2 protein chains.
Amino acid sequence: MEPSIKQLDYLFSPRSVAVIGASGGFGKWGFGVFNSILKYKSDFEVYPVNPGAKEILGVKAYKGVMDIPGKVDFAVIVIPPEYVPSAMRDCASKGVKVVLVITAGFREIGEDGARLETEFTQIAKQAGIRVAGPNCNGHFNTGSSLFTLGFGEVKPGPLSLISQSGNFGGFIIGQGMDRGVGFSKYVSSGNEADLTIEDYIEYLGEDPETKIICAYVEGFKDGRRFLNLAREITKKKPIIIMKVGRSREGANAAMSHTGSLSGSAVIHDAALKQTGVIQVRKVDEMLDVASALIRQPLPRGRRVGIVTGGGGFGVVATDACRNFDLEIPPLSEETINGLNRWMPARWSHANPVDMAGDPYGSIPTLGGMLKSDDVDAVLAVSCLGFTSQSLEDFPPEIREGFEKYQKQMTEGELTMMDGLIERVDRYRKPLIIASVSGRERSKAIAKLADNDIYTYRSPEDGARVMAYLADYSDYLSKF
Amino acid sequence: MEPSIKQLDYLFSPRSVAVIGASGGFGKWGFGVFNSILKYKSDFEVYPVNPGAKEILGVKAYKGVMDIPGKVDFAVIVIPPEYVPSAMRDCASKGVKVVLVITAGFREIGEDGARLETEFTQIAKQAGIRVAGPNCNGHFNTGSSLFTLGFGEVKPGPLSLISQSGNFGGFIIGQGMDRGVGFSKYVSSGNEADLTIEDYIEYLGEDPETKIICAYVEGFKDGRRFLNLAREITKKKPIIIMKVGRSREGANAAMSHTGSLSGSAVIHDAALKQTGVIQVRKVDEMLDVASALIRQPLPRGRRVGIVTGGGGFGVVATDACRNFDLEIPPLSEETINGLNRWMPARWSHANPVDMAGDPYGSIPTLGGMLKSDDVDAVLAVSCLGFTSQSLEDFPPEIREGFEKYQKQMTEGELTMMDGLIERVDRYRKPLIIASVSGRERSKAIAKLADNDIYTYRSPEDGARVMAYLADYSDYLSKF
């Protein structure tokens, strides 16, 4: 009998955790994992298991899992591979529900490793234990404050990530944190001796804390099951997949990495598309789309209104939108008349809307475009005019004036952002903000991110995000 | 008679500059330009011209250019359009060599503007004055410390940029500065009433301070001339072009922006390719390639050795390289034996080289791969193991140990970077370093950038840079 996927609740939200191989020795995996759990833990119990220690980081240690007085829902194993079967036997006797094996040195190193992996997997199966890993870098759940991934603190949020590469999973989380995006759950699936990416996706599909599922995939063990799951889940929440091993050489590299059969179990792009999965090619794309899906409404069509602070941005944004089959419709007289009210006379009077001037006009302009029936979405390119000059640029006699101006500008920007957020909510259309350089990472940008409105590097990146939203919306409109 | 292109020396390195329309009024163009020139200027003379002021920012002001006692090589005009012809007449009388007209409101606004533009252009032509602009945002030359672009300080370096959009040019410079890349010259060509992008490219082709020419192009006035120039210049230095107005809608937007005929004067991708021009689609691509060309040697072929800190990165990098027709050759026994000396037993023994462990092994590994006859270039993906954990992640009793460890790691990294730089120079092969997240922007990365070895966001970005280098190398090998 296949145990229910609900058993994964014990992986992500256990009431008690044993760390088999916990260590006080700085630099060891058993230290990193135990320290991370201990440091961030909420009200669950954590028990270090190490036959050679009385206490670890101030917590009473146990010789074996069997010696722990209370129940143990979940155990993490970070001991050398040859001891794993015996530790698994102890977990079986103790009634542990889920075991995460971080240890490497199994199927991925050859026959001897594969034999050990089969051995502990059999023990677990007979005892009804579900196993995550082996050969992985851990997991986390910000909701229950459980971190076996020694990564430092992760901001809670609606994204969950499954990765068939631990290193690459860590890279994705790091890049997400750089953008200020928050995560709910992460798991590195490793060799998938028992639990597979298909299992995790099924679980996250039901998980109320996960609003968006992201996955780095080298290969599916059961492609059919994945497609069936994806078809149902994408009706409720987006699934974003980065499928690698696309080239023959890449597939070979995947084979020797996690033993994934990217080639034989290939899920063709067309098949993925029919399930509504959003397929991305790069980590930046994954996080661009994911961050947009957090709060931006889906567009009802492909008609994009472009608003820019300068003509060049309009040309680049137009090319980029057309490249993704987005439409740049002409503006109706009504929309043009509406914009005339606050635009300087020299504005472009067309789509792209070149504001040709005062950034303070950008909020009513963006609002006017969001409101217009001519478009389904708005792409704002370098039109918010964030202050980027520094006091040092001015002679002493001007500095006081500039300081006052800068303060007004900063306050003005923050007020502008309130207006922007309010309009996105009011008109229920996506507003994608692009071309924000590092120099412009102001308080205003941070305020937008705090409100889950993220900004994108270039017009091209913004247009691509818009296209993904339009594709997904189009897919959902069929149901 | 067409005046020699050498006349542009007066645009970039004049001995004296008049600012017609200089102002002490904060927020005005005439203030921004004059303040910027004054603040950064080297030993050239600068004269503010403004009939209503006795002095501006502490410098004696003149009623007209004619009233300036010494010679004037170069004048910047920032007065309303209707006064420009008269100011140009004064410049002609004064013997000014080059005039930059920043003022907008000419050909781009319609017939009246076009008439004014023709008027001042004719005056200039008769006087042998070359004109930059109008309707642009200025220029700079870090070599002569002349900045009409009020942008703050720009790091000197080997890149020069010509942009047919002022706003977009500023965006490119901002993004370059974020990466720590330095610039030699910049010019925003505006309406190109006289000087065109073809002229600037001819000049920069001869300019010893410019090692790499970058250009944002909406359309060429004389495509044939550009192709002939490019064919000669690319033999000496790379030209990187971002050509926009690719879609019909984008071409229309370009037409109404700078009046550029992207459509009719189309330079086809194939034609550009035959001149050795590196054609990019995004600003990130432009700066990725440009920064690599600063110091990295060109590869002699397309065979790439991939070195990674984890298997997932190897799969992604392999896919990305194959996507750009780069080869991932097998490793010879000699190379494998060489790597065996310092690699842990579990390393991949194949290309991609998965180091599967200690980042301290990365320098001899990268050196070994650069030295190997099996490959023409090395792509290093997330294998340098920069420290990213913070002290806060550890309990008090561990912190002292971690602090010592972190200090050693940081010092170790800096020493490693010395080794890396030395090996790139020794083996004369490109080493492209990718997958460096914001969390890892350490002293080591800064040290590399200070030595003109830049790092790239993702394996895909790294592979694309590598492909551009290989394409350019392949092109040059025909001569």
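What you are looking at is a predicted structure, and each value in this text was computed from that prediction instead of being measured.

**Q** Can you help me understand the overall build of chain A in this one?
**A** Looking only at helices and strands, one finds 16 helices and 19 strands in chain A. Expressed along its principal axes, the backbone C-alpha trace of chain A runs to roughly 80 × 55 × 35 Å. Going through the 479 residues of chain A one by one, you find that 56% of them count as buried. Contacts in chain A between residues at least 24 apart in sequence constitute 73% of all its contacts with a sequence separation of at least 6.

**Q** Help me understand the sheet that holds strand β15 (residues 304-308) of chain A in this model?
**A** Hydrogen bonding along the main chain pairs the strands of a sheet, whether they run parallel or antiparallel. Residue and element names in this part refer to chain A. Pairing is parallel across the open sheet formed by five strands, whose spatial order is β16-β15-β17-β18-β19. Looking along the sheet, the strands with just one partner apiece sit at the ends: β16 (353-354) and β19 (455-456). Here β15 pairs with β16 via two bridges, running parallel. Counted as the bridge partner of valine 307 is valine 353 from β16.

**Q** Hey, could you run me through the relation of the copies chain A and chain B in this one?
**A** The operation relating the two chain copies consists of a rotation about an axis and a shift along that axis. Laying chain A over chain B is done by rotating through 180 degrees and shifting 0.0 Å along the axis; what remains is an RMSD of 0.0 Å. Expressed as an axis order, the relation between the two copies is that of a two-fold axis. Same-surface contact between copies: 100% of interface residues of chain A are shared with the interface of chain B.

**Q** Would you mind showing me how to read the interface of chain A and chain B here?
**A** Interface size is often expressed as the accessible area that is lost when the parts come together. Between chain A and chain B, the residue contacts involve 62 residues of the former and 62 residues of the latter. Going through the elements one at a time, α5 (166-179), α8 (248-258), α10 (283-295), α11 (311-323) and α14 (396-427) of chain A are the ones with two or more residues in the side of chain A that touches chain B. Here the element with the most residues in the side of chain A that touches chain B is α11 of chain A; it accounts for 10 residues.

**Q** Would you mind showing me how to read the domain arrangement of chain A here?
**A** Residue and element names in this part refer to chain A. The domain boundaries assigned to chain A delineate domain 1 (1-135), domain 2 (154-295) and domain 3 (297-476). Relative placement of domain 1 and domain 2: their C-alpha centres are 25 Å apart. Counting residues at the interface gives 15 residues for domain 1, matched by 12 residues for domain 2. When residues of the side of domain 1 that touches domain 2 are traced back to their parent elements, those giving at least two are α4 (111-127) and β7 (130-132). Considering only residue class, the side of domain 1 that touches domain 2 consists of eight nonpolar, three polar and four charged.

**Q** Quick question: what am I supposed to make of the packing of helix α6 (residues 197-206) of chain A against helix α7 (residues 223-233) of chain A here?
**A** Packed helix pairs are specified by the crossing angle of their axes together with the interaxial distance, meaning the distance between the axes. Residues and elements named next belong to chain A. Where α6 contacts α7, the two axes come as close as 10 Å, and the packing angle between them is 15 degrees. Compared by their axis directions, α6 and α7 come out roughly parallel. The handedness of the crossing between α6 and α7 comes out as left-handed. Between α6 and α7, the contacting residues are Glu198, Ile201, Glu202 and Gly205 on the first element and Arg225, Phe226, Leu229 and Ile233 on the second. Classifying every residue of the contact of α6 with α7 gives four nonpolar, one polar and three charged.

**Q** Looking at this structure, I do not really get unusual backbone geometry. What am I missing?
**A** The bulk of non-glycine residues show a negative phi, and the bulk of peptide bonds are trans. Following asparagine 351 of chain A, the chain continues into proline 352 of chain A via a peptide bond in cis, with omega recorded as 5 degrees. The residue proline 352 of chain A is located in the loop between α12 (333-340) and β16 in this model. In the segment running from glycine 133 of chain B into proline 134 of chain B, the intervening peptide bond is cis, with an omega of -5 degrees. With respect to the helices and strands, proline 134 of chain B occurs in the loop between β7 (130-132) and β8 (139-141).

**Q** Would you mind showing me how to read α5 of chain A here?
**A** What sets the pattern is the α-helix's 3.6 residues per turn: residues three or four places apart point alike. With 14 residues, α5 of chain A should reach 20 Å at 1.5 Å per residue; the first-to-last C-alpha distance of 20 Å fits that figure. Taking burial as the measure, the 14 residues of α5 of chain A include 11 buried ones, the bulk of the element. Residues Gly166, Asn167, Phe168, Gly169, Gly170, Phe171, Ile172, Ile173, Gly174, Gln175 and Gly176 of chain A constitute the buried set of α5 of chain A. Tucked inside the fold, the buried residues of α5 of chain A contact β10 (156-163), β11 (183-188), β12 (212-217) and α10 of chain A together with α11 (311-323) of chain B. Following α5 of chain A by one or two positions, glycine 180 of chain A has its phi on the positive side, about 85 degrees.

**Q** What is the right way to read the pairing of strand β5 (residues 74-77) of chain B from this model?
**A** Look at any regular strand and the pattern is simple: side chains alternate between the two faces of the sheet. Residues and elements named next belong to chain B. Here β5 shows two buried faces, one formed by Phe74 and Val76 and the other by Ala75 and Ile77. In this structure, strand β1 (residues 16-20) lies alongside β5, joined through four bridges in parallel fashion. Residue pairing across strands places valine 17 opposite phenylalanine 74, the latter belonging to β5. In this sheet, strand β6 (residues 98-101) lies alongside β5 in parallel orientation, the contact comprising four bridges. Its bridge partner being in β6, phenylalanine 74 is matched across the sheet by valine 98. In this fold, β5 hands off to helix α3 (residues 84-94), which returns the chain to β6; that crossover is right-handed.

**Q** Hey, could you run me through the environment of aspartate 73 of chain A in this one?
**A** Residues and elements named next belong to chain A. Here aspartate 73 shows up in the loop between β4 (59-60) and β5 (74-77). Residue classification places aspartate 73 among the buried residues on the basis of 20 C-beta atoms within 10 Å. Sequence separation between aspartate 73 and glutamate 45 is 28 residues; the distance between their C-alpha atoms is 9.8 Å. Residues in contact with aspartate 73, not counting those within four places in the same chain, are Tyr10, Pro14, Arg15, Ser16, Val96 and Lys97.

**Q** Explain the environment of arginine 89 of chain B to me, please; I cannot follow it from the model alone.
**A** Residue and element names in this part refer to chain B. By secondary structure assignment, the location of arginine 89 is in helix α3. Arginine 89 gets classed as partly exposed once you count the C-beta atoms within 10 Å, which come to 17. Along the chain, arginine 89 and phenylalanine 74 lie 15 residues apart, while their C-alpha atoms are 14 Å from each other.

**Q** Quick question: what am I supposed to make of the sheet that holds β1 of chain B here?
**A** Residue and element names in this part refer to chain B. Spatial ordering of the open sheet is given by β2-β1-β5-β6-β7, a layout of five strands whose pairing is parallel. Where the open sheet ends on each side, the last strands, each with one partner, are β2 (45-49) and β7. Direction aside, the axes of adjacent strands within the sheet are offset by 20 degrees on average. Sitting on the sheet, helix α2 (residues 29-40) touches β1, β2 and β5, and the angle it makes with β1 is about 160 degrees.

**Q** How should the pairing of strand β17 (residues 377-381) of chain A be read in this particular structure?
**A** All names here are of chain A. Most of β17 sits out of view: five of its five residues are buried. On β17, burial covers both faces: Ala377, Leu379 and Val381 on one face and Val378 and Ala380 on the other are all buried. Relative to β17, β15 runs parallel, the two sharing five bridges. Looking at the pairing, valine 304 lines up with alanine 377 of β17. Pairing of β17 with strand β18 (residues 431-434) involves four bridges; the strand directions are parallel. Its bridge partner being in β18, valine 381 is matched across the sheet by alanine 434.

Conventions adopted
Residues numbered from 1 in each chain as written. Chains lettered and ligands numbered in written order. Predicted model: local features only at pLDDT ≥ 70, side-chain atom pairs only at ≥ 80, totals over all residues. Helix = DSSP H or I, 4+ residues; strand = E, 2+ residues; numbered from the N terminus. Buried ≥ 20, exposed ≤ 12 C-beta atoms within 10 Å, placed from the backbone. Contact = placed C-beta atoms within 7 Å. Pairing = 2+ DSSP bridges. Least-squares fit on C-alpha atoms with pLDDT ≥ 70 in both. Domains from an automatic or database assignment. Nonpolar A, V, L, I, M, F, W, Y, C, P; charged D, E, K, R; others polar. Axes fitted to C-alpha atoms, helices over the stretch in contact; angles between N-to-C directions. Parallel < 35°, antiparallel > 145°, perpendicular 65-115°, else oblique. Left-handed = near helix turned anticlockwise from the far one by under 90°. Expected span 1.5 Å × (residues − 1). Right-handed = clockwise from strand over helix to strand, strands pointing away.

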